[in-house]
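Each chain is listed here by its residues.
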Amino acid sequence: MLMKRASAILKSKNQIEVHYKNNPIWIESIHPEIGTAEIEVLATKEKMQVPIRDLNEL
C-alpha cells in the first residue's frame, strides 16, 4: 500500500477493509517519516508496527 492511501484510510469515516499477511487489521496510526503503521489485528487484538508497503486493501 502507498503512504498516501494509508493516510486516506486512517482519516476516512468509512470502515475500509485492510489486511496484513491475510489478516484483517485496523490502522491505529502511521509514521510517514519511517514508512510504518501501528496496526491492530482484529482477530487477536495484537498490536504491532509494520511496513505500510505490506498492507493490502481488499
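What counts as what
- Residues numbered from 1 in each chain as written.
- Predicted model: local features only at pLDDT ≥ 70, side-chain atom pairs only at ≥ 80, totals over all residues.
- Heavy atoms only, no water.
- Helix = DSSP H or I, 4+ residues; strand = E, 2+ residues; numbered from the N terminus.
- Rg over C-alpha atoms; globule rule 2.2 N^0.38 Å.
- Contact = heavy atoms within 4.5 Å.
- Areas by Shrake-Rupley, 256 points an atom, 1.4 Å probe, with all protein chains shown as cover.
- Core = buried A, V, L, I, M, F, W, Y, C linked by side-chain atoms within 4.5 Å.
- Buried < 20%, exposed > 50% of the residue type's maximum accessible area, 1.4 Å probe, protein only.
- Salt bridge = Lys/Arg side-chain N within 4 Å of Asp/Glu carboxyl O.

Quick notes on the overall build of the protein
Thought 1: Regarding its fold elements, the protein presents one helix and five strands.
Thought 2: Taking 58 residues into account, the globule formula puts the C-alpha radius of gyration at 10 Å, and the protein, at 10 Å, falls close to it.
Thought 3: A principal-axis box enclosing the C-alpha atoms of the protein has dimensions of 25 × 25 × 15 Å.
Thought 4: Within the protein, contacts between residues separated by at least 24 positions form 33% of all contacts whose residues are at least 6 apart in sequence.
Thought 5: Surface accessibility of the protein: about 4100 Å² in total, with carbon and sulfur atoms responsible for 51%.

Looking at the nonpolar core
Thought 1: Tyr 20, Ile 25, Ile 27, Ile 30, Ala 37, Ile 39 and Leu 55 are the most contacted members of the largest nonpolar core, which has 13 residues in total.
Thought 2: Looking at this core, the elements with two or more residues in it are α1 (3–11), β1 (18–20), β2 (23–31) and β3 (36–41).
Thought 3: Ile 27 has contacts with Ala 6, Ile 9, Leu 10, Ala 37, Glu 38, Ile 39 and Leu 55, leaving out every residue within four places of it along the chain.

Side note on the pattern of salt bridges
When charged atoms on two side chains of opposite charge get close, those side chains can pair.
Thought 1: Throughout the structure, instances matching the rule amount to four salt bridges.
Thought 2: Here Glu 28 and Lys 47 are joined by a salt bridge, their closest N and O atoms 3.8 Å apart. With Glu 28 in strand β2 and Lys 47 in strand β4 (residues 47–51), this pair connects stretches of sequence that are 19 residues apart.
Thought 3: On the basis of relative accessible area, Lys 47 is assigned to the exposed category, the value being 53%.

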